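A closer look at the structure
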Number of protein chains: 2
Amino acid sequence: MQINIARRIFDTNDRVAERLRNVFESSGLLVVNVLGSPGAGKTSLIERSLEHLTNKLRVAVIEGDLATSLDADRLRRFGVPVVQINTGGLCHLDSAMIENVLSEFDLPTLDLLIIENVGNLVCPVRFDLGEACKIVVASLPEGDDKVAKYPTAFSSASVVVLNKIDLKNALNFDMDRFERDLLAVNPAVELFRVSCCTGIGLDRWVDWLNQRAAS
Amino acid sequence: MQINIARRIFDTNDRVAERLRNVFESSGLLVVNVLGSPGAGKTSLIERSLEHLTNKLRVAVIEGDLATSLDADRLRRFGVPVVQINTGGLCHLDSAMIENVLSEFDLPTLDLLIIENVGNLVCPVRFDLGEACKIVVASLPEGDDKVAKYPTAFSSASVVVLNKIDLKNALNFDMDRFERDLLAVNPAVELFRVSCCTGIGLDRWVDWLNQRAAS
């Protein structure tokens, strides 16, 4: 019974997501869905990306949060359109929420739409939002065992951004183990090692995003 | 429709949780439900607690994970009974899962049962497991805005353990802001500032747990 209910929820979500994907593709718009644990650095990564991209690309952001507009407020100072979705406690964004706010944007004028999901390494993975790529943000303080313990998020990602590498010397993080586990579940993944705090490694990530949005 | 389904799931969970609570109380057993984001340090906190408690209390652990038995393996070396529940991708433990594994333990011989939930600061909060206290583990690298952004977890906690305070000098974490936000949503909470890495602050936490289990 629970399985049937879950299947119905996913089927409905997938249908709307497919509709969104058609809209995004016909607008020539790259849409990325940014996932990760609370505090991994999703908003910081978007801030750093906007710093480097707004002179090259026309970018907009959808911010998903349980509560508050703290993250949207952080991003509005970059002068890009930002729409906040508060899920009211729900643990993920779904495609209907995205469809409901799309009229806030003038899609044909945009190159890149960044969707920041609710901080959660589990539930958002199963809810397709019509995006072209899932970007998983992980961070060194979370530990080198996270791919093994949360494989679905990492196997579904086009890109993994491993953040907070400036803390490497303060932590006991086995980079080889993390990378080995990641390649085992997702051999085609792009991995960027960055620090949104110091800026290390962000150039490669920004180049990737820029190229994908421009193509 | 979705609300009715959700209500039915919670009602069923709450009924089983109430039955568990009666069993735990009649056995004189303290049960704590440990929640937090992936990598906050839930397993490390349990490891440090077992180091200090196993000569005073008879302790058992239920380990909840999406996949792997990595955490259970870490805890078995303390010589306590550990049961692993793999949720197969589900984002939280529910009371039926706990009821299903209870026969693995000899409850009347135990003082303390520690349940480590799936790493997730959102979904586990709404699933009562019949526990006496929810313990939320947060950590400095997650950022000082986490109470504001994930208020339900923090308002439902009897105890918040703020871990990784040894990284204080490497991070820009506003302790006053964290504590102010926490007291605003949960004035009665007990807050312990610890480092499971260096051991700072653990004595107070262990005393609290010991006293609660002995009373």
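1. Notes on the state of the cysteines
Residues and elements named next belong to chain A.
- Within the structure shown, the criterion is met by 0 disulfides over all chains.
- Take C196: it sits in no disulfide, and the sulfur closest to it among the cysteines is that of C197, at 8.8 Å.
- Taking relative accessible area as the criterion, C196 reaches 6% and is therefore assigned buried.

2. Some words on the confidence of the model for chain A
- Taken over all residues, the pLDDT of chain A has a mean of 95, while the share at 70 or more is 98%.
- Across the interfaces of the predicted complex, the ipTM metric reaches 0.91, alongside a pTM of 0.94.

3. A short note on the pairing of strand β2 (residues 59-65) of chain A
Residues and elements named next belong to chain A.
- Of all 7 residues in β2, 7 are buried; the element is thus mostly enclosed.
- Residues of β2 alternate between two faces, with V59, V61, E63 and D65 on one and A60, I62 and G64 on the opposite face, all of them buried.
- Bridging between β2 and strand β4 (residues 112-116) involves 5 bridges; their strand directions are parallel. Bridge pairing links E63 to E116 in β4.
- For β2 and strand β3 (residues 82-86), the ladder comprises 5 bridges, and the chain directions are parallel. Bridge assignment links V61 to a residue of β3, and that residue is V82.
- As a crossover connection, the stretch from β2 through helix α3 (residues 70-76) into β3 is right-handed.

4. Overview of the relation of the copies chain A and chain B
- For these two chains of identical sequence, chain A goes onto chain B by a turn of 180 degrees and a shift of 0.0 Å along the axis, with RMSD 0.0 Å. The two molecules are tied by a two-fold rotation axis, judged by turn and shift.
- When the interface residues of chain A are mapped onto chain B, 100% of them again fall at the interface, so both copies present the same face.

5. Let's talk about helix α2 (residues 42-53) of chain B
All names here are of chain B.
- Taking 1.5 Å of rise per residue, 12 residues should cover 16 Å, and α2 covers 16 Å from first to last C-alpha, within 8% of that figure.
- The buried fraction of α2 amounts to 9 of the 12 residues, a majority that puts the element mostly inside the structure.
- Within the sequence span of α2, burial applies to K42, T43, L45, I46, E47, R48, S49, L50 and L53.

6. Topic: unusual backbone geometry
- Unusually for a residue other than glycine, K164(A) sits at a positive phi of about 70 degrees.
- For K164(A), a relative accessible area of 13% gives the class buried.
- Of note in the backbone geometry, T68(B) takes a positive phi value of approximately 70 degrees without being a glycine.
- With respect to the element layout, T68(B) can be found in the loop between β2 (59-65) and α3 (70-76).

7. Some words on the interface of chain A and chain B
- Taken together, the 36 residues of chain A in the interface contact 36 residues of chain B.
- Here chain A meets chain B over a buried area of about 2,700 Å², counting both sides, of which 64% is carbon and sulfur.
- Where chain A packs against chain B, one counts 4 salt bridges.
- On inspection of chain A and its partner chain B, the count reaches 8 residue pairs in polar contact (both at pLDDT 80 or more).
- Counting only elements with at least two residues in the side of chain A that touches chain B, the list comes to α1 (2-26), α3 and α5 (146-149) of chain A.
- Its residues placed into classes, the side of chain A that touches chain B shows 19 nonpolar, 7 polar and 10 charged.

8. Thoughts on the sheet that holds β3(A)
Residues and elements named next belong to chain A.
- Read across the sheet, 7 strands follow the order β3-β2-β4-β1-β5-β6-β7 without closing on themselves; strand pairing throughout is parallel. Of all the strands in the sheet, just β3 and β7 (190-193) have a single pairing partner and so form its edges. The sheet shows a mean angle of 20 degrees between the axes of neighbouring strands, direction not considered.
- Two elements, strand β1 (residues 30-36) and strand β5 (residues 133-139), share 5 bridges in a ladder whose sense is parallel. If you follow L35 over to β5, its bridge partner there is V136.
- Contacts from helix α7 (residues 175-185) reach β5, β6 (159-163) and β7, with the element oriented near 160 degrees to β7.
- Contacting β1, β4, β5, β6 and β7, helix α8 (residues 202-214) crosses the sheet at an angle of about 140 degrees to β7.

The rules behind the values
- Residues numbered from 1 in each chain as written.
- Chains lettered and ligands numbered in written order.
- Predicted model: local features only at pLDDT ≥ 70, side-chain atom pairs only at ≥ 80, totals over all residues.
- Heavy atoms only, no water.
- Disulfide = S-S within 2.5 Å.
- Buried < 20%, exposed > 50% of the residue type's maximum accessible area, 1.4 Å probe, protein only.
- pLDDT = per-residue confidence, 0-100.
- Helix = DSSP H or I, 4+ residues; strand = E, 2+ residues; numbered from the N terminus.
- Pairing = 2+ DSSP bridges.
- Right-handed = clockwise from strand over helix to strand, strands pointing away.
- Least-squares fit on C-alpha atoms with pLDDT ≥ 70 in both.
- Contact = heavy atoms within 4.5 Å.
- Expected span 1.5 Å × (residues − 1).
- Buried area = accessible area lost by both parts, 1.4 Å probe.
- Salt bridge = Lys/Arg side-chain N within 4 Å of Asp/Glu carboxyl O.
- Polar contact = N/O pair within 3.5 Å; in protein donor to acceptor, adjacent residues only side chain to side chain.
- Nonpolar A, V, L, I, M, F, W, Y, C, P; charged D, E, K, R; others polar.
- Axes fitted to C-alpha atoms, helices over the stretch in contact; angles between N-to-C directions.

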